[in-house]
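In case you want the letters, here they are:
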Amino acid sequence: MKFFIVDDDHFSRMLYRQHLLNLGYSNNVLFDNGFDCIKKLDLSPDVIFLDYDMQPLNGLDTMQIIKQYAPNIRLLIISGNEDKKIAEDAKKYGAYAFIKKGEKDLEMISDILATIQHAA
């Protein structure tokens, strides 16, 4: 599977990249903003990790544009923001999952990827 990791925080990008590598997923492309991610959809990612708090496009805005061009990509919103409305909107706009950054995010990513892999 091919992954895009989109997060304006360098530490988070590297953390999620390393976690994917630890799980055996080495086909990872990293972006620090939604525009660059959208411009590279021709690389056909299977899963995109999107941070919510980015500029100039936040994760939900980026997700809505991606869904127009590639509706079958699994989109995971990852955010440190605890606003329940963001999680609700993410699901409403087609996110596969909403993951809260913090102590259980890597475990949640592992579980979600196992589910995706099992369904494939």
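Now for a quick tour of the structure.

Calculation criteria
- Residues numbered from 1 in each chain as written.
- Predicted model: local features only at pLDDT ≥ 70, side-chain atom pairs only at ≥ 80, totals over all residues.
- Heavy atoms only, no water.
- Pairing = 2+ DSSP bridges.
- Helix = DSSP H or I, 4+ residues; strand = E, 2+ residues; numbered from the N terminus.
- Right-handed = clockwise from strand over helix to strand, strands pointing away.
- Buried < 20%, exposed > 50% of the residue type's maximum accessible area, 1.4 Å probe, protein only.
- Lys, Arg positive; Asp, Glu negative; His and termini not counted.
- Salt bridge = Lys/Arg side-chain N within 4 Å of Asp/Glu carboxyl O.
- Contact = heavy atoms within 4.5 Å.
- Core = buried A, V, L, I, M, F, W, Y, C linked by side-chain atoms within 4.5 Å.

Let's talk about the pairing of strand E2 (residues 28-31)
One ladder, built from four bridges, connects strand E1 (residues 3-6) with E2; its direction is parallel. Bridging from a neighbouring strand, Phe-3 pairs with Asn-28 of E2. Handedness of the β-α-β unit built from E1, helix H1 (residues 10-22) and E2 comes out right-handed.

Regarding the side chain of Lys-2
Structurally, the position occupied by Lys-2 is in the segment before E1. Here Lys-2 occupies a buried position and makes no salt bridge, while the nearest side chain of opposite charge, Asp-46, is found at 7.3 Å. The residues touching Lys-2, leaving out its near neighbours within four places in the chain, are Asn-27, Leu-43, Ser-44, Pro-45, Asp-46 and Val-47.

Overview of the environment of Asp-8
With respect to the helices and strands, the residue Asp-8 is situated in the loop between E1 and H1. Overall, Asp-8 belongs to the partly exposed group, its relative accessible area being 39%. Taking the C-alpha atoms as reference, Asp-8 lies 7.6 Å from Asp-51; in sequence the two are 43 residues apart. Apart from residues lying up to four places away in sequence, Asp-8 is in contact with Arg-13, Asp-32, Asp-51, Asp-53, Met-54 and Gln-55.

Description of the pattern of salt bridges
Evaluated as defined, the whole model comprises six salt bridges. Measuring nitrogen to oxygen at the nearest pair gives 2.8 Å for the salt bridge that ties Asp-7 to Lys-101. Of this pair, Asp-7 sits in the loop between E1 and H1 while Lys-101 sits in the loop between strand E5 (97-100) and helix H5 (105-119), and the two are 94 residues apart along the sequence. There is no split in this pair, since Asp-7 and Lys-101 are both buried. In this structure, Lys-92 and Asp-89 form a salt bridge, with 3.7 Å as the shortest nitrogen-oxygen distance. Taken together, the residues span about one helical turn, with Lys-92 and Asp-89 both in helix H4 (residues 84-92) at a distance of three residues. According to the relative accessible area criterion, Lys-92 is exposed, its value standing at 58%. When salt bridges with common partners are traced through the structure, they connect Asp-7, Asp-51 and Lys-101 into a single cluster.

Digging into the nonpolar core
Val-6, Ile-48, Leu-50, Ile-66 and Ile-77 are the most contacted members of the largest nonpolar core, which has 22 residues in total. Secondary-structure elements contributing two or more residues to this core are E1, helix H2 (34-39), strand E3 (47-51), helix H3 (59-69), strand E4 (74-79) and H4. Among the elements that take part in this core, H3 stands out by supplying three residues, more than any other. Excluding residues that lie within four positions of it along the chain, Ile-48 makes contacts with Phe-4, Val-6, Cys-37, Leu-41, Ile-66, Ile-73, Arg-74, Leu-75 and Leu-76. Counting 15 residues, the second-largest nonpolar core is a separate cluster that includes Tyr-16, Phe-49, Ile-112 and Leu-113.

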